[in-house]
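Report on the structure
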Amino acid sequence: MMLNQELIRILHVDLTTGESRVEDRADLFRDYLGGTGVAVRLLDERVHDDQDALAPDQPVVFAIGPLTTIFPVVTKTVATFRSPLTGEYGESHAGGRLASALRYAGYDALVITGAARRPVYLLIDGEKGSGEVRPAEAMVGMDVIETGRVIRNQIAGAGHRSIIRIGPAGERGVRFANVNVDTFRHFGRLGLGAVFGSKKLKAIAVIGQKHLALPADSRAYKRTYTDIYDRVLHTDAMKKYHELGTPANVIPLNELGALPSFNLRQGYFGEADEIGGEAFAENELITKRACAGCQIGCIHVALYRRPFAPGWEYESTLVAYDHELIYAVGSLLGVGNRSDILHLIEEIDRAGMDAISCGTALAWTTEALERGLLEPEQFGGLDLRWGDAERYAQAVAALVRGDTEVGRWLAQGEVAAARHLGGADFVTAVGGQGIAGYWTGYAHVLGHLLGARHSHLDNAGYAIDQKLDPYTDEAIVARMIADEAERIVQTSLAICLFARGVYDLETISQALASVGIQRSAADLQAMGERVYWERVRLRERLGFQARPEEVPRRFYETPTPRGRLTPERVARLLEIYRSRRAAAG
Amino acid sequence: MPRILTAPRMARCIGCESCMLACARMIYGSFSPRKSAIQIRSTGGGMGRMAADICTACAEPAPCVEACPTDALTSRAGGRGMTYRKAECIGCHRCVEACPIQVIGWDQEEDRPIVCIFCGQCVRFCPHDCLEMVEVEVK
């Protein structure tokens, strides 16, 4: 078998009927190559803008790219769906082994529609050429780790497979439930786990063991691979992701006053040194792990060891940590102890929830309780206190159980909770989703609002805030759009954005050429800009508007390194964005 | 002295599959890590440790060489491991069955075994120095 060079091969699975079929689309390859571009287009063709995100007919799309696994650090799978958290466009990316398994199963995209009547998991074995729907009643309520173990024991393909699964949170429709990918990675944000739950889809296992032949003359490919490999490993381009990993950001951000703490009442945290990348590396880090096809290995795995009884009795588990998690369940909640942070990450992760959204929801709840806006009685007697990890762990469990008034509201996300319970002024969310762990200035806030995923990774507003000079309104908006359009090229190839310093447009063009795909850097740039506006139009069809009232008052209170933000300047920036949008048609 | 592949530092392995991709790319003409004489697996999902299934180059006569009904597999000079000649191979699978540690794979497309040729390409592409080619003395 050869690479699918001129077409996108899609596996369609209908969970209502249990049937699957394969479709080849040359137009998608020609116009979008893969990843984000293909996933935007396929969602656009199938999403029902008049139906709820959790309606059975809503589709879920997964897409990889033509360079997946066959070049270093091309490791991502892009998922698109209607987000149950925001009600709008949903896009989420995950690493792990899923992209590799899909590639060697022979599929460039996977489209799931319908809903099963009883809990199921989906097995996709490339050798068999179709999806098989299997019963999952016995896995109801299982956490993501146990679910992975049970399915591993039921299927073949060890070493060449991926298992993505939801936990109890996804089954119960927590609107920021995630999908766990191969233990340590996730489709984290915007609630794909709840969409799985609504389809009674507990997991998808993909086995990919097909041979894909090199081109007849493979010299250019081998040379290009080695060049990129050496740049990934033997230059500084990706060094920080490997060494301390993303938690390297904790202390520098804190020194800038840009580490959101105590529900963003301040941008610095007194115990930042205790929870920084250096402290975790020196004390808890036991190994690093990589996604299939990535030589960097940014997944930092900690040993979470704790006594459980007198007599030197210890229990231990492995927990992966990152900057965003340390912020969301650490500084934002006033938790300054590494062991407590690992405890909370583990509880949230096993239940199958997005840790950022869970952290921002609990931070809002803590402040609402403190102000007397909520009473502990509404939350099963839980009175949350900054830094009290044990109570936060109980709150995580209560949120998943849904047996308290506050817990049920929090499961809708803090924006919905605040709309009904009050306290909208102090949510740390914009565009319906809790913010990532930076408090750098306008581009971070606007980046979250305008970015397609409502993610700091859409356009790296946090980096624009730190580097842009002069920091003018026009320049901020122009940079945000240009950076997002360039990232669309990278994510349409499903390249990990941590390798964005290696994969400039010229390098992508060369890599494609070495496997027989001709796209100039200019072609790629044009594709990124086109997909940018196509995605904006899809977002708008699903309800997105760039409204200043999406920005909570808290964001105008707490100073950033760029000073205190003002509603007037946010309004001006959005006006510039809207005129750009109008010009694009 | 013969050079053989060893995996002495697998505790450092991050599971990137770079070695498998290198073997497939450089030796077996494939993009697929399935087509590799080294296979990396975790012993129990993400929480497990990483392990390498590799040819340990049995001392002469290796079971795969003994099982081979033709001259496709012969003892390597120096008394460790084997040399594979595809032209002589009849695709009988006996070497796969004879391997005491099940590390001879099967190439479905070619209908031929996937055996280590002790070339060291996987070592070149290991980012964590888990693998090593070593010279062994045979008594």
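Residues numbered from 1 in each chain as written. Chains lettered and ligands numbered in written order. Predicted model: local features only at pLDDT ≥ 70, side-chain atom pairs only at ≥ 80, totals over all residues. Heavy atoms only, no water.

Let's talk about the packing of helix α7 (residues 219-234) of chain A against helix α1 (residues 18-26) of chain B
Going by this rule: Where helices are involved, their axes are fitted lines through C-alpha atoms of the stretch in contact, as for all axes, and angles between N-to-C directions lie from 0 to 180°. Runs of H or I in DSSP of at least four residues are treated as helices and runs of E of at least two as strands, each being numbered from the N terminus. Convention used here: angles under 35 degrees read as roughly parallel, angles over 145 as roughly antiparallel, angles from 65 to 115 as roughly perpendicular, and any remaining angle as oblique. By convention, the crossing between two helices is left-handed when the near helix turns anticlockwise from the far helix through less than a right angle, and right-handed when the turn is clockwise. Should any heavy atoms of two residues lie within 4.5 Å, those residues are counted as being in contact. Side-chain classes are defined by residue name, with Ala, Val, Leu, Ile, Met, Phe, Trp, Tyr, Cys and Pro counting as nonpolar, Asp, Glu, Lys and Arg as charged, and the others, Gly among them, as polar.
Where α7(A) meets α1(B), the axes come as close as 11 Å, and the angle between the chain directions of the two elements is 160°. If you check the angle between α7(A) and α1(B), you find them roughly antiparallel. Handedness of the crossing formed by α7(A) with α1(B): left-handed. Where α7(A) approaches α1(B), its residues Y221(A), K222(A), Y225(A) and Y229(A) are matched on the opposing element by S18(B), L21(B), R25(B) and M26(B). Taken together, the residues of the contact of α7(A) with α1(B) sort by class into five nonpolar, one polar and two charged.

Topic: the sheet that holds strand β8 (residues 130-135) of chain A
Residues and elements named next belong to chain A. Note the following rule: A pair of strands is considered paired only if DSSP assigns at least 2 bridges between the two.
Spatially, the six strands line up as an open sheet ordered β8-β7-β12-β9-β10-β11, and their pairing is mixed. Of all the strands in the sheet, just β8 and β11 (185-187) have a single pairing partner and so form its edges. Direction aside, the axes of adjacent strands within the sheet are offset by 20° on average. In this sheet, β8 lies alongside strand β7 (residues 120-125) in antiparallel orientation, the contact comprising six bridges. Along β8, the bridge assignment pairs Y121 with R134.

Describing empty space enclosed by the protein
All names here are of chain B. Note the cut-off: Think of a 1 Å grid over just the protein atoms. A cavity is a set of points where a 1.4 Å probe fits yet cannot get out, a pocket is an open set with protein on both sides within 12 Å along at least five of seven lines, and lining residues have an atom within 4 Å of a point. Grid points are joined across faces, edges and corners, and a volume is the space filled by probe spheres set on the points.
According to the stated counting rule, one finds eight cavities of 30 Å³ or more in the structure shown. In this structure, the largest cavity occupies an estimated 110 Å³ of space. The calculated volume of the second largest cavity comes to roughly 100 Å³. Along the wall of the second largest cavity there are 14 residues; nearest its centre are C13, C16, C19, C126 and C130. Counted by class, the lining of the second largest cavity contains ten nonpolar, three polar and one charged residues.

Description of the environment of G37(A)
Residue and element names in this part refer to chain A. Applicable threshold: The buried label applies to any residue whose accessible area, calculated with a 1.4 Å probe on protein chains only, is under 20% of its type's maximum; exposed applies above 50%, and partly exposed to all values in between.
Note that G37 resides in helix α2 (residues 35-46). Since its relative accessible area comes to 0%, G37 is described here as buried. Separated by 173 residues in the primary sequence, G37 and K210 have C-alpha atoms spaced 25 Å apart. Those residues in contact with G37, other than ones at most four positions away along the chain, are Y32, S492 and V531.

Brief notes about the packing of aromatic side chains
What counts is decided by this rule: Two rings from Phe, Tyr or Trp (for Trp, the six-membered ring) form a pair when their centres sit within 6.5 Å of each other. Planes less than 30 degrees apart are called stacked, planes more than 60 degrees apart edge-to-face, and all others tilted. Working rule: Lys NZ or Arg CZ, within 6 Å of ring centre, within 35 degrees of ring normal, means a charge sits over the ring.
Within the structure shown, the criterion is met by 17 aromatic pairs over all chains. Taken together, a centroid distance of 6.4 Å and an interplanar angle of 90° make the contact between F62(A) and F196(A) edge-to-face. With F62(A) in strand β3 (residues 60-63) and F196(A) in helix α6 (residues 192-198), the pair connects residues that are 134 residues apart, well separated along the chain. Taken as a pair, F62(A) and F196(A) share a single burial class, namely buried. Judged by centre distance (4.2 Å) and plane angle (20°), the ring pair of Y438(A) and Y462(A) falls under stacked. One end of the pair, Y438(A), is in the loop between β17 (433-434) and α18 (442-450); the other, Y462(A), is in helix α19 (residues 461-467), and 24 residues separate them in sequence. Judged by its relative accessible area of 6%, Y438(A) falls in the buried class. Taken together, the aromatic side chains of F71(A), Y221(A), Y225(A), Y229(A), F31(B) and F125(B) make up a single cluster linked through ring pairs. Over the ring of F125(B) we find R25(B), and its NZ or CZ is 4.7 Å from the ring centre. The ring centre of F118(B) lies 4.0 Å from the NZ or CZ of R76(B), which sits over that ring.

What to know about the pattern of salt bridges
Residue and element names in this part refer to chain A. Quick note on the threshold: Counted as salt bridges are all cases of a side-chain nitrogen of Lys or Arg within 4 Å of a carboxyl oxygen of Asp or Glu.
Under the counting rule described, the total for this entry stands at 51 salt bridges over all chains. Between K202 and E171 there is a salt bridge; the shortest N-O distance is 2.5 Å. Pair noted here: K202 is in strand β12 (residues 201-207) and E171 is in helix α5 (residues 168-171), with a separation of 31 residues, a long-range link. Looking at K202, the relative accessible area reads 3%, which means it is buried. Overlapping salt bridges, with partners in common, bring together E23, R25, D27, R41, D44, E45, R46, D49 and R541 in one network.

Quick notes on the pairing of β3(A)
All names here are of chain A. Going residue by residue along β3, you find V60 and F62 tucked away on one face and V61 and A63 tucked away on the opposite face as well. Relative to strand β6 (residues 109-113), β3 runs antiparallel, the two being bridged by four bridges. Its bridge partner lying in β6, V61 is registered against V111. Direction of pairing for β3 relative to strand β4 (residues 77-82): antiparallel, over a ladder of three bridges. For A63, the partnering residue across the bridge sits in β4 and is V78.

As for a negative patch on the surface
Residue and element names in this part refer to chain A. Heads up, the rule is: By definition, no residue in a patch forms a salt bridge, and every one has over 30% relative accessible area; like charges are joined within 9 Å, nonpolar side chains (Val, Leu, Ile, Met, Phe, Trp, Tyr) within 5 Å. To be clear on the numbers: accessible area is Shrake-Rupley with a 1.4 Å probe, and residue cover counts the displayed protein chains and nothing else. Counting rule applied: Lys, Arg positive; Asp, Glu negative; His and chain ends not counted. Charge positions are represented by NZ for Lys, CZ for Arg, CG for Asp and CD for Glu.
A surface patch of like charges, here negative, comprises E255, D273, E278 and E282. Here D273 shows up in helix α10 (residues 272-275). What makes D273 exposed here is its relative accessible area of 55%.

So, the interface of chain B and chain A
Rule in force here: Buried area adds together the accessible area that both of two parts lose upon being put together, with accessible area traced by a 1.4 Å probe. Here a polar contact means two N or O atoms within 3.5 Å. Within protein one must be a hydrogen donor candidate and the other an acceptor candidate, and residues neighboring in sequence count only if both atoms are side-chain atoms.
Taken residue by residue, the interface counts 34 residues in chain B and 41 residues in chain A. The largest share of the area that chain B buries against chain A comes from R25(B), F31(B) and M47(B), three residues that together contribute 28% of it. Here chain B and chain A share two salt bridges between them. A salt bridge links R97(A) to E17(B); the nearest nitrogen and oxygen atoms lie 2.7 Å apart. On the surface where chain B and chain A come into contact, there are 21 residue pairs in polar contact (both at pLDDT 80 or more). Those elements giving two or more residues to the side of chain B that touches chain A turn out to be α1 and β2 (39-42) of chain B. Considering each element in turn, the side of chain B that touches chain A owes the most residues, five residues, to α1(B). Of the residues belonging to the side of chain B that touches chain A, the class tally is 15 nonpolar, eleven polar and eight charged.

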